[in-house]
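Below are the chains, spelled out letter by letter.
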Amino acid sequence: AKEQGRNMYQIYSRSMDKRDYHSFLLERDLRKALLKDELVVHLQPRVNTKTGRIVGAEALVRWMHPQLGLIAPCEFIPLAEESGLIIPLGKWMKRKVCELLDNWRNRGIPLIPIGVNISSQRFLQKDFSKEVRSLLEEYQLDGKWLELEITENSIMKNEEYILETLRELKALGIKIYIDDFGTGYSSFHYLKTFKLDGIKIDQSFVQNLSCQSENAEITIAMIKMAKHLKMDVIAEGVETEEELAFLLEQNCFHVQGYLFGKPCAIDEFEKCYLTTV
Ligand code: C2E
Ligand code: CA
Ligand code: CA
Ligand code: CA
């Protein structure tokens, strides 16, 4: 293996710098990780602050690398996007989440919807809704338990078949949220055209929400707009009591952030947030 490693270095060192080489190794490992079950699903609770209840969760991928330990998605999602590995990775995530919901149901645990992040690369492929539909059928799950988080780039182009995909997903009872709202190429046009279920206000806007900040003005505008369009609003990255108080004042009750809970492993999530019967 050492010999092989050396050869590889020789081959690639000519055309790649160190950083590329690191990516190269990581990509090679990621390919294996998908087969070896080294990826892990973490869950972060979503809370309704009016009732204090857990109203959902977001599934976030982690990588348990045998040498490097737990790797955060920002380290390997971009690589997965570049290499196309994001397609099998996303497939794996969706399946894991359906498996989990099925498991909860079998154990008599009341279900909560779980949001999954969908790469625009996958969303824009024609058979996306078909994949989701057959997965739901396989696990006999109602679409309302699986929520999809897509980014603004996913709905910028190819209007016709995006409309069709969205229609098909809607028919399955699936809710669709725009993730990182406000950070992409927002256009009011698509908000009108595509009837989406909600927006997730990006955490960069939620940070340091106080009465006079610029962020406050923008957040107020986003909440107002979403309400007019009858869309749900989730505020992401809520970390402080001040931010929470501000959001409450704006009638934004659906929140997610470290103030309520960091993403954690499934068994911990079950212990902390779920009611077992
Ligand atoms: P995201 O979808 O915007 O997910 C929210 C990120 O914010 C998560 O980072 C979460 O841990 C973090 N976060 C939540 N609350 C707080 C808070 O109060 N303060 C701060 N500072 N951060 C908070 P994470 O898990 O590192 O994920 C980063 C990004 O990686 C995600 O951003 C998403 O774009 C991507 N990602 C994660 N899992 C998947 C996946 O399964 N598929 C795809 N395509 N992308 C994924
Ligand atoms: Ca997300
Ligand atoms: Ca987000
Ligand atoms: Ca993001």
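Residues numbered from 1 in each chain as written. Chains lettered and ligands numbered in written order. Predicted model: local features only at pLDDT ≥ 70, side-chain atom pairs only at ≥ 80, totals over all residues. Heavy atoms only, no water.

Trainee: Explain the coordination of the calcium ion (ligand 3) to me, please; I cannot follow it from the model alone.
Mentor: Note on metal geometry: ideal angles are 109.5 degrees for four donors arranged tetrahedrally and 90 or 180 degrees for six donors arranged octahedrally. Distances from the calcium ion (ligand 3) to its protein donors, D179 (OD), D180 (OD), E236 (OE) and E236 (OE), fall within 2.2 to 2.7 Å. Counting gaps between the donor residues of the calcium ion (ligand 3) yields the pattern D-D-x55-E. In this structure, the calcium ion (ligand 3) lies 4.0 Å from the calcium ion (ligand 2), and both are coordinated by D179. (Donors = N, O, S within 2.8 Å, 3.2 Å for Na, K, Ca; no water.)

Trainee: I keep staring at the side chain of H65 and nothing clicks. Help me out?
Mentor: With respect to the element layout, H65 can be found in strand β2 (residues 53–65). Among the polar contacts listed, one links the side chain of H65 to the side chain of D29, at a separation of 2.8 Å. Discounting chain neighbours no more than four positions away, the residues touching H65 are D29, E38 and I71. (Helix = DSSP H or I, 4+ residues; strand = E, 2+ residues; numbered from the N terminus. Polar contact = N/O pair within 3.5 Å; in protein donor to acceptor, adjacent residues only side chain to side chain. Contact = heavy atoms within 4.5 Å.)

Trainee: How should the nonpolar core be read in this particular structure?
Mentor: Across soluble globular proteins, nonpolar side chains show a tendency to be buried alongside one another. Counting 79 residues, the largest nonpolar core has L43, L89, W104, F123, I155, L196 and L247 as its most contacted members. Counting residues per element, this core draws most heavily on helix α4 (residues 86–106), at nine residues. (Core = buried A, V, L, I, M, F, W, Y, C linked by side-chain atoms within 4.5 Å. Buried < 20%, exposed > 50% of the residue type's maximum accessible area, 1.4 Å probe, protein only.)

Trainee: Can you help me understand the site of ligand 1 in this one?
Mentor: Near ligand 1 lie 21 residues; those nearest to it are R62, N117, D179, E239 and Y258. A distance of 3.0 Å is found between a nitrogen atom of ligand 1 and a side-chain nitrogen or oxygen belonging to Q44. In this structure, E58 approaches ligand 1 through a side-chain N or O atom, which is 3.2 Å from an oxygen atom. Starting from 800 Å² of accessible surface for ligand 1 in isolation, the protein chains cover 82%. Among the cavities detected, the one that contains ligand 1 is the largest pocket. Contributions of two or more residues to the shell around ligand 1 are made by β2, α3 (73–83), α4 and β6 (175–181). A per-element tally of the shell around ligand 1 places β2 first, with four residues. (Near = heavy atom within 4 Å. Areas by Shrake-Rupley, 256 points an atom, 1.4 Å probe, with all protein chains shown as cover. 1 Å grid on protein atoms, 1.4 Å probe; cavity = no way out; pocket = protein on both sides within 12 Å on 5 of 7 lines; lining within 4 Å. Sits in = over half its atoms within 2 Å of the grid points.)

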